[in-house]
Amino acid sequence: MKELKKWIVLLAALFVLSGMMSCEMFESDDEETIEVKGEWDTGYGSIIITDSTISWYGTDGTLSYAYDIESFSNDSWNGSETGEGDYGYMVIKYTTAPTWNDSVNGLYNIFRWQNLNSSGSPASFEYGEAYLDGTYHESASESKNTATSSNGYYWFSSATKVD
């Protein structure tokens, strides 16, 4: 009977250990990150893109405006449109409104990029924030469906990576 109890304890320990190992097998360290993450020089300031925010700084280094990144895609644009080269987009929500329009706090918009050259020295890309006559959106889905090139929202500028 003592031998049977030892085997039961051993089997229970192996069962618990194998359960812990199988959970680790399904966890992924390969979460997708935003391709244009980093600090970028726009020629009239800088953009800092993290996993969760975008912050715009003026040439004097002061924060101009910022937003949270609600969602993103490294492989497509919203509105079933396509960009040039390597492109993607982010759904953004204003958290620090620009000084020229403080009414946009809490509203949504789209930030797009295209022609990402990550192997260049320095790396570069073209970007555009949806803009059409001061129109911003109440929801992320409204931004995704409305802020498109075919609706006249975009113009693009270029930026180079700050090392």
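A. Representation of the overall build of the protein chain. Scanning the protein chain for helices and strands turns up 2 helices and 8 strands. If you list the helices and strands of the protein chain from N to C, you get α-β-β-β-β-β-β-β-α-β. A buried classification covers 36% of the 163 residues belonging to the protein chain. Taking all contacts inside the protein chain whose residues are at least 6 apart in sequence as the whole, residues at least 24 apart take part in 51%. In the form shown here, the protein chain has an accessible surface area of approximately 9800 Å², with 53% of it arising from carbon and sulfur atoms.

B. Focus on the pattern of salt bridges. Under the defined criterion, the tally for this structure stands at 2 salt bridges. Of the charged contacts, one joins K37 and D51 as a salt bridge, the two residues approaching to 3.1 Å between their closest N and O atoms. Of this pair, K37 sits in the loop between α1 (2-26) and β1 (38-41) while D51 sits in the loop between β2 (46-49) and β3 (53-57), placing them 14 residues apart in sequence.

C. Region of interest: the pairing of strand β6 (residues 108-117). Burial analysis of β6 places 8 of its 10 residues in the buried class, the great majority of the element. By the bridge criterion, 6 bridges tie strand β5 (residues 88-96) to β6 in an arrangement that is antiparallel. By the bridge assignment, K93 is partnered in β6 with Y108. Bridge count between β6 and strand β7 (residues 124-129): 5 bridges; the pairing is antiparallel. When the bridges of β7 are listed, Q114 appears paired with E126.

D. A look at a nonpolar patch on the surface. A cluster of nonpolar side chains, Y44, Y131 and W155, forms an exposed patch at the surface whose accessible area comes to about 360 Å². Residue position: Y131 is located in the loop between β7 and α2 (140-146). The exposure class assigned to Y131 is partly exposed, which follows from its relative accessible area of 42%.

E. Structural view of the packing of aromatic side chains. Taken as a whole, this structure holds 15 aromatic pairs when the rule is applied. Aromatic ring contacts, followed pair by pair, group W40, W56, Y65, Y67, Y94, W100, F111, F125, Y127, Y131 and Y136 into a single cluster.

F. Broad picture of the confidence of the model for the protein chain. Taken over all residues, the pLDDT of the protein chain has a mean of 85, while the share at 70 or more is 82%. Counting contacts from residues 19-28, a segment whose pLDDT is below 50, to residues more than four positions away or on other chains yields 0 contacts.

Conventions used here
- Residues numbered from 1 in each chain as written.
- Predicted model: local features only at pLDDT ≥ 70, side-chain atom pairs only at ≥ 80, totals over all residues.
- Heavy atoms only, no water.
- Helix = DSSP H or I, 4+ residues; strand = E, 2+ residues; numbered from the N terminus.
- Buried < 20%, exposed > 50% of the residue type's maximum accessible area, 1.4 Å probe, protein only.
- Contact = heavy atoms within 4.5 Å.
- Areas by Shrake-Rupley, 256 points an atom, 1.4 Å probe, with all protein chains shown as cover.
- Salt bridge = Lys/Arg side-chain N within 4 Å of Asp/Glu carboxyl O.
- Pairing = 2+ DSSP bridges.
- Patch = residues over 30% accessible without salt bridge, like charges linked within 9 Å, V, L, I, M, F, W, Y side chains within 5 Å.
- Phe/Tyr/Trp six-rings, centres within 6.5 Å; stacked < 30°, edge-to-face > 60°.
- pLDDT = per-residue confidence, 0-100.

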